[in-house]
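Summary of the model geometry
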Amino acid sequence: MRSDPPVDPRGVRFAAALTTAVLAVVLLTGSDWLLGAQAVVFALGAFAGSRFAPYSVLYRILLAPRLAPPTEREDAAPVRFSQLVGLAFAVVGVAGYLTGLTVLGVVATALALAAAFLNAAFGLCLGCEMYAVIARIRNKKLGATA
């Protein structure tokens, strides 16, 4: 993943809150197209970065101008990785719904919803934590081979 400027953690939590709402609606309705739309949102965040991610754009336009400047910023790479993880779950969910494996669609959506909710409500980004663990393992392996 390429290097992006640090992000406002409030924007990340705002995006997680919107994601939580969308995924809750998906679970209530079983809407494969809405989950597909959320997959596109995840893909934009993962591959284009927060500069082009729809929920981040909404945050920058609607909320950020009304708030004090952020007192801290977060590295963008773990956030992008978490969007990639969300994309994987959304794609599996869409595949489940479209192929009639509704339980697969529900489980994948529920797992993505749980992760989004933890981030929105508590600032706990599971994808970001996964990113840190993977980085530690990679660094340990690189250190062992050097």
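Below is a summary of the structure that appears in this document. (Residues numbered from 1 in each chain as written. Predicted model: local features only at pLDDT ≥ 70, side-chain atom pairs only at ≥ 80, totals over all residues. Heavy atoms only, no water.)

Quick word on a nonpolar patch on the surface
On the surface, Leu58, Ile61, Leu62, Leu63 and Leu67 cluster together to form a nonpolar patch covering roughly 410 Å² of accessible area. Summarising the element assignment, Leu63 is placed in helix α3 (residues 54-63). (Patch = residues over 30% accessible without salt bridge, like charges linked within 9 Å, V, L, I, M, F, W, Y side chains within 5 Å. Areas by Shrake-Rupley, 256 points an atom, 1.4 Å probe, with all protein chains shown as cover. Salt bridge = Lys/Arg side-chain N within 4 Å of Asp/Glu carboxyl O. Helix = DSSP H or I, 4+ residues; strand = E, 2+ residues; numbered from the N terminus.)

Topic: the pattern of salt bridges
Evaluated as defined, the whole model comprises two salt bridges. Arg80 serves as the salt-bridge partner of Asp4, at 2.6 Å between the closest nitrogen and oxygen. Taken together, the positions of Asp4 in the segment before α1 (9-29) and Arg80 in helix α4 (residues 76-98) put the pair 76 residues apart, joining distant regions of the chain. An identical accessibility class is assigned to Asp4 and Arg80; each is buried. In this structure, Arg10 and Asp8 form a salt bridge, with 2.9 Å as the shortest nitrogen-oxygen distance. Residue class for Asp8 comes out buried when judged on its relative accessible area of 10%. (Buried < 20%, exposed > 50% of the residue type's maximum accessible area, 1.4 Å probe, protein only.)

A few points about α4
If you check α4, its first and last C-alpha atoms are 33 Å apart, about what 23 residues at 1.5 Å a residue would give, namely 33 Å. A positive backbone phi angle near 85 degrees is found at Gly100, which sits one or two residues after α4. (Expected span 1.5 Å × (residues − 1).)

Notes on the state of the cysteines
In total, this model carries one disulfide according to the counting rule given. A sulfur-sulfur separation of 2.4 Å characterises the disulfide bridge that pairs Cys125 with Cys128. In this structure the cystine formed by Cys125 and Cys128 twists about its S-S bond by roughly 70 degrees; its chirality is therefore right-handed. Residue Cys125 is classed as buried on the basis of its relative accessible area, which comes to 10%. (Disulfide = S-S within 2.5 Å.)

A closer look at the packing of α1 against helix α2 (residues 32-48)
For the pair α1 and α2, the least separation of the axes is 9 Å and the interaxial angle reads 155 degrees. In this view, α1 runs roughly antiparallel relative to α2, as classed from their interaxial angle. The two elements α1 and α2 meet at a crossing, and its hand is left-handed. On the side of α1, the interface is formed by Thr19, Val22, Leu23, Val25 and Val26, while α2 contributes Leu34, Leu35, Gln38 and Phe42. Within the contact of α1 with α2, the residues separate by chemical class into seven nonpolar, two polar and no charged. (Axes fitted to C-alpha atoms, helices over the stretch in contact; angles between N-to-C directions. Parallel < 35°, antiparallel > 145°, perpendicular 65-115°, else oblique. Left-handed = near helix turned anticlockwise from the far one by under 90°. Contact = heavy atoms within 4.5 Å. Nonpolar A, V, L, I, M, F, W, Y, C, P; charged D, E, K, R; others polar.)

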